[in-house]
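Observations on the three-dimensional arrangement
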Amino acid sequence: MEYFDKEFCLEVWGPWACFTRPELKVERVSYDVITPSAARAIFQAIFWKPAIQWVITKIEVLNPIRTANIRRNEVGKLASGTPIFIEDARQQKNAIVLRDVRYRIYAKLVFIPLHKRKRKDKETLNPDIDREEADMLRKDENPGKYNAMFERRARKGQCFTQPYLGTREFSAQFRLVEADDKNLLLPIAEDRDFGISLYDLDFDANEKCPPALFYHPVMKQGTIIVPAPDSNEIYR
């Protein structure tokens, strides 16, 4: 059976955002625009299943790019099974973050047939159900089923976890952009070269410790075209 990937659009916004540059370790400095990795996480917070994959295709910047310098409390230890006394591990650090952000993000819902999945459904993992029976349980799967589930959840504002803009304390509001929506905000009338930016993490290469992938985003009149994951415009 041949499957067709459907593209969806979300408008997301929030008072603060921080898409941390990985090359700056001590204090957080945000990229000037949302990364495809952070955009994908917003779609996954609304809807995700082992049968689908989100691929970001386009980002439209709707608000002017503005930054602010703030001081944040962070914990200087990792949780490793023992209690952490925050007063003993608290660190205050400066951060350069984005303020009053608003984006329109386009993404394709890519359906993954059962035989190509790395993460299987619970029926496949059940030892009382053999592989053939699991395949039979899933033979009714199709992209339309998952498209409808995402549309229903996004319209109602439902999500599995609260979407966020780079870090969890900067929560994101969202709405589904319908095909017949009118009076949409226009992207900012600005061209900018953002240099090399984080694209995503390559979970196919190593699921436990995925290497970073990078790309070169160029904004033209407020719009960034995001290359496909298998494009030669993606760098390791």
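One can find the structure itself at the top, above this paragraph.
Now for the pattern of salt bridges. Scanning all chains against the criterion turns up 16 salt bridges. The salt bridge involving R192 is made with D32; its shortest N-O contact spans 3.6 Å. Taken together, the positions of R192 in strand 9 (residues 192–193) and D32 in the loop between strand 2 (28–29) and helix 1 (36–46) put the pair 160 residues apart, joining distant regions of the chain. Using a relative accessible area of 27% as the deciding quantity, one classes R192 as partly exposed. Ionic pairing is found between R236 and D202, a salt bridge with its closest N-O pair at 2.8 Å. With R236 in the segment after strand 13 (223–225) and D202 in the loop between strand 10 (197–201) and strand 11 (212–215), this residue pair connects regions lying 34 residues apart in the sequence.

Another point: the environment of Q173. Residue placement: Q173 occurs in strand 8 (residues 173–176). Taking the C-alpha atoms as reference points, Q173 and G14, separated by 159 residues in sequence, lie 6.2 Å from one another. The residues contacting Q173, other than those within four sequence positions of it, are E11, V12 and W13.

Following the sequence through the fold, R40 ends up in helix 1. The exposure class assigned to R40 is buried, which follows from its relative accessible area of 14%. At 2.7 Å, the side chain of R40 forms a polar contact with the side chain of D200. Those residues in contact with R40 that lie beyond four places of it in its chain are W54, I56, D200 and F203.

A complete count under the given rule lists nine aromatic pairs for this structure. Look at F43 and W54: their rings are 4.8 Å apart centre to centre, the planes differ by 40°, and that puts the pair in the tilted class. Taken together, the residues F43 in helix 1 and W54 in strand 3 (residues 52–61) connect sequence positions eleven residues apart. Per residue, the accessibility class of F43 equals that of W54, and both read buried. When the centroid spacing of 6.2 Å and the interplanar angle of 40° are considered together, the rings of F47 and Y146 count as tilted. Placement of the pair is F47 in the loop between helix 1 and strand 3 and Y146 in helix 5 (residues 143–156), with a sequence separation of 99 residues. Classification of F47 as buried rests on a relative accessible area of 1%. Ring pairs connect the aromatic residues F8, F43, W54 and F150, which therefore count as one cluster. If you follow K58 out to its NZ or CZ, it ends over the ring of Y106, 4.4 Å from the centre.

Time to look at the pairing of strand 7 (residues 167–171). Pairing of strand 6 (residues 164–165) with strand 7, which is carried by two bridges, proceeds in the antiparallel orientation. Bridge pairing links Y164 to S171 in strand 7. Joining the antiparallel neighbours strand 6 and strand 7 is a turn of one residue, in which G166 adopts a positive phi near 95°.

This paragraph deals with unusual backbone geometry. The phi torsion at N183 lies on the positive side, around 60°, for a residue other than glycine. Looking at the secondary structure, you find N183 in the loop between strand 8 and strand 9. N183 sits in the exposed class, given a relative accessible area of 81%. Positive phi is not limited to glycine here, since Q221 has a value of about 50°. Examined against the element boundaries, Q221 turns out to sit in the loop between strand 12 (218–220) and strand 13.

Within the element layout of this structure, E151 appears in helix 5. Sequence-distant contacts of E151, that is, excluding residues within four places in its chain, are made with K6, F8 and L176.

Turning our eyes to something else, we now look at the nonpolar core. Of all hydrophobic cores here, the largest spans 48 residues; its most connected members are L10, F19, I34, F43, Y103, I105 and F150. Of all elements in the fold, only strand 1 (6–17), helix 1, strand 3, strand 5 (90–111), helix 5, strand 8, strand 10 and strand 11 reach the threshold of two or more residues within this core. Not counting chain neighbours up to four residues away, the residues in contact with Y103 comprise L10, E11, V12, F19, D32, V33, I34, I59, E60, V61, L62 and L98.

Criteria and cut-off values
- Residues numbered from 1 in each chain as written.
- Predicted model: local features only at pLDDT ≥ 70, side-chain atom pairs only at ≥ 80, totals over all residues.
- Heavy atoms only, no water.
- Salt bridge = Lys/Arg side-chain N within 4 Å of Asp/Glu carboxyl O.
- Helix = DSSP H or I, 4+ residues; strand = E, 2+ residues; numbered from the N terminus.
- Buried < 20%, exposed > 50% of the residue type's maximum accessible area, 1.4 Å probe, protein only.
- Contact = heavy atoms within 4.5 Å.
- Polar contact = N/O pair within 3.5 Å; in protein donor to acceptor, adjacent residues only side chain to side chain.
- Phe/Tyr/Trp six-rings, centres within 6.5 Å; stacked < 30°, edge-to-face > 60°.
- Lys NZ or Arg CZ within 6 Å of the ring centre and 35° of its normal.
- Pairing = 2+ DSSP bridges.
- Core = buried A, V, L, I, M, F, W, Y, C linked by side-chain atoms within 4.5 Å.

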